[in-house]
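Fold and contact review
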Amino acid sequence: MKKQQIIVISGGVFLLLMIYFFGQTVPAKKPAAAAPAAGTTQPFDIQLAIQGATAKLTESQQTYVSGLTQSVVRGDVKEQQIKAFRQLASFWSDSARAFLPFAYYSAEAAKLENSEKSLTFAAQLFLDNLRGIEQPEVKTWLAGQSKELFERAIVLNPDSDSLKVGLGSTFIFGAPADNPQAVMQGIQQILEVNRRDSTNIYAQKMLGIGGIISGQYDKAVERLEKVARQEPEDLEVMLMLAEGYERSGQKVKAIEWYEHAAEHVANPALKEELNKRIQQLK
């Protein structure tokens, strides 16, 4: 998988990396007018999010979006609806640069089209942008969408290991902070693929990342080292190795991987943040 987002685990450096590489893909967390009851989370409403994003558009853009939205409602032919959803997805991606509406309309088009290719693209889109999300309600929505899309694709191709790894990854990255069992559920699903094919690099990578998230650092870095040998340009793997070694107290190895990652970063601001991290560890 190319152009994957950086997973935010320890903050600072990784959050900046995600912002610089990909921009802000989800709405910034806003102060709530009234805090919800303790232990509760308000469900994310994608339609309200789209309404909010639409309100920020120019008048001509709002007219364009409204016309496409109405064509979906009026359309009685599936192909017409798919076309309108695709046009909406393209607008939100290219013109408005708003991830959530783009992902939503991509998913709606994929569900109607019901091809493995379109479902997998949409599922991976949600999964890649799920990583590092802090807002629990957005995280839950993204994970649910990704899970549904992967499950639909697996119905079409039940023998696909990559789809099964993707499905397991939705549990790893979508697990609430207070539910580590969900992470383990995802890891177990991916382990089934790994037992059949230990050379599956995608499975090894996700198991490695899942291991770091769940605190199983020794096995995690072992897996990620194997992935790094096969995919030496994968910046995400470099950063996760640095994270894993840092969390397990192996500062020398952590510095080594942070330095290696810095060599692959062209953006001066990102390189500076990585160098700060390195100095903090020395």
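These lines cover the structure that appears in this document, whether it is placed above or below. All values reported here derive from a predicted model rather than from experimental measurement. (Residues numbered from 1 in each chain as written. Predicted model: local features only at pLDDT ≥ 70, side-chain atom pairs only at ≥ 80, totals over all residues. Heavy atoms only, no water.)

It is worth spelling out the pattern of salt bridges at this point. Under the defined criterion, the tally for this structure stands at 16 salt bridges. Between Arg-86 and Glu-113 there is a salt bridge whose closest N-O contact spans 2.9 Å. Remark: Glu-113 occurs in helix 5 (residues 99–113) and Arg-86 occurs in helix 4 (residues 78–95); sequence separation between them is 27 residues. We classify Arg-86 as partly exposed; its relative accessible area is 31%. Of the charged contacts, one joins Glu-108 and Lys-111 as a salt bridge, the two residues approaching to 3.4 Å between their closest N and O atoms. One end of the pair, Glu-108, and the other, Lys-111, are both in helix 5, three residues apart, so they sit about a helical turn from each other. Each member of the pair, Glu-108 as well as Lys-111, is classed as buried. A single salt-bridge network, built from bridges that share partners, covers Glu-108, Lys-111, Glu-148 and Arg-152. (Salt bridge = Lys/Arg side-chain N within 4 Å of Asp/Glu carboxyl O. Helix = DSSP H or I, 4+ residues; strand = E, 2+ residues; numbered from the N terminus. Buried < 20%, exposed > 50% of the residue type's maximum accessible area, 1.4 Å probe, protein only.)

Attention shifts here to the nonpolar core. In globular proteins that are soluble, nonpolar side chains generally tend to be buried together. Counting 84 residues, the largest nonpolar core has Trp-92, Leu-100, Tyr-105, Trp-141, Leu-142, Leu-241 and Tyr-258 as its most contacted members. At nine residues, helix 5 tops the list of elements feeding residues into this core. (Core = buried A, V, L, I, M, F, W, Y, C linked by side-chain atoms within 4.5 Å.)

Turning next to unusual backbone geometry. Of note in the backbone geometry, Arg-97 takes a positive phi value of approximately 50° without being a glycine. When its relative accessible area of 68% is taken as the criterion, Arg-97 is described as exposed. With phi around 55°, Asn-114 is a residue other than glycine that occupies positive phi space. Given the relative accessible area of 37%, Asn-114 is considered partly exposed.

So yeah, pure geometry; function would need other evidence.
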